[in-house]
Amino acid sequence: MKWPALFVVLPALLCACQDQEARAQNAALQARVEALETQVRALQDTEVTALPADVGKVTAQAAAQNCANSLTRELETFRQNGLDRRYPTAAQLALPPACTDQRVNWVARGAQEYTFTITDSGGLELARQSGS
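A brief structural summary. This one's a predicted model, so the numbers in the text were calculated from it and none came from an experiment. (Residues numbered from 1 in each chain as written. Predicted model: local features only at pLDDT ≥ 70, side-chain atom pairs only at ≥ 80, totals over all residues. Heavy atoms only, no water.)

### Things to note about unusual backbone geometry
Logical step 1: One non-glycine residue with positive phi stands out, namely Arg85, at about 50 degrees.
Logical step 2: Turning to its location among the elements, Arg85 is positioned in the loop between helix 2 (55–81) and strand 1 (103–109).
Logical step 3: A relative accessible area of 45% means that Arg85 is categorised as partly exposed.
Logical step 4: Phi is positive for Asp101, which is not a glycine, with a value near 70 degrees. (Helix = DSSP H or I, 4+ residues; strand = E, 2+ residues; numbered from the N terminus. Buried < 20%, exposed > 50% of the residue type's maximum accessible area, 1.4 Å probe, protein only.)

### A few points about the pattern of salt bridges
Logical step 1: Applying the stated criterion across every chain, the model contains two salt bridges.
Logical step 2: Here Arg86 ties to Asp84 by a salt bridge, and the two come within 2.8 Å at their closest N and O atoms.
Logical step 3: Since its relative accessible area comes to 48%, Asp84 is described here as partly exposed.
Logical step 4: With a closest N to O distance of 3.1 Å, Arg128 and Glu125 form a salt bridge.
Logical step 5: By relative accessible area, Glu125 is classed as partly exposed at 39%. (Salt bridge = Lys/Arg side-chain N within 4 Å of Asp/Glu carboxyl O.)

### Overview of the packing of aromatic side chains
Logical step 1: Scanning the model with the defined rule gives three aromatic pairs in all.
Logical step 2: With a centroid separation of 4.8 Å and 85 degrees between ring planes, the pair formed by Tyr87 and Tyr114 is classed as edge-to-face. Here Tyr114 lies in strand 2 (residues 114–119) and Tyr87 lies in the loop between helix 2 and strand 1, a separation of 27 residues in the sequence.
Logical step 3: The exposure class assigned to Tyr87 is buried, which follows from its relative accessible area of 2%.
Logical step 4: Given a relative accessible area of 2%, Tyr114 falls into the buried group. (Phe/Tyr/Trp six-rings, centres within 6.5 Å; stacked < 30°, edge-to-face > 60°.)

### Digging into the pairing of strand 3 (residues 125–131)
Logical step 1: Note: strand 2 against strand 3, six bridges, orientation antiparallel. Directly across from Thr117, in strand 3, lies its bridge partner Arg128.
Logical step 2: Connecting strand 2 to the antiparallel partner strand 3 that follows it, the hairpin turn spans five residues, and Gly123 within it adopts a positive phi of roughly 90 degrees. (Pairing = 2+ DSSP bridges.)

This is the structure:
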């Protein structure tokens, strides 16, 4: 084969090879995209089913636990800052803002110990804290 003919045929062969390679890369990329889309759909389906059945109940429990944690912090801070290392009396304690609209029930309350619960309007216990 002569050199000038080789320069005419060689680019045509290279273009044909590149075209097949590009098609193969596009097919592989399309397969990856489809696999990722399948995974995303599966995750979205899982998220929908993973939601709690009663979001209101979960929210109420979280609010009650937040109140219980804040109230415990208030009680322990009073005790640590006092000279006699006792918990506050009812008259000395104001409920923290996190306990607004919460039902705080004192199970035990003394100078050296406390136990309280946070309940919903039906009396169901949502949170409990104790200290001594």
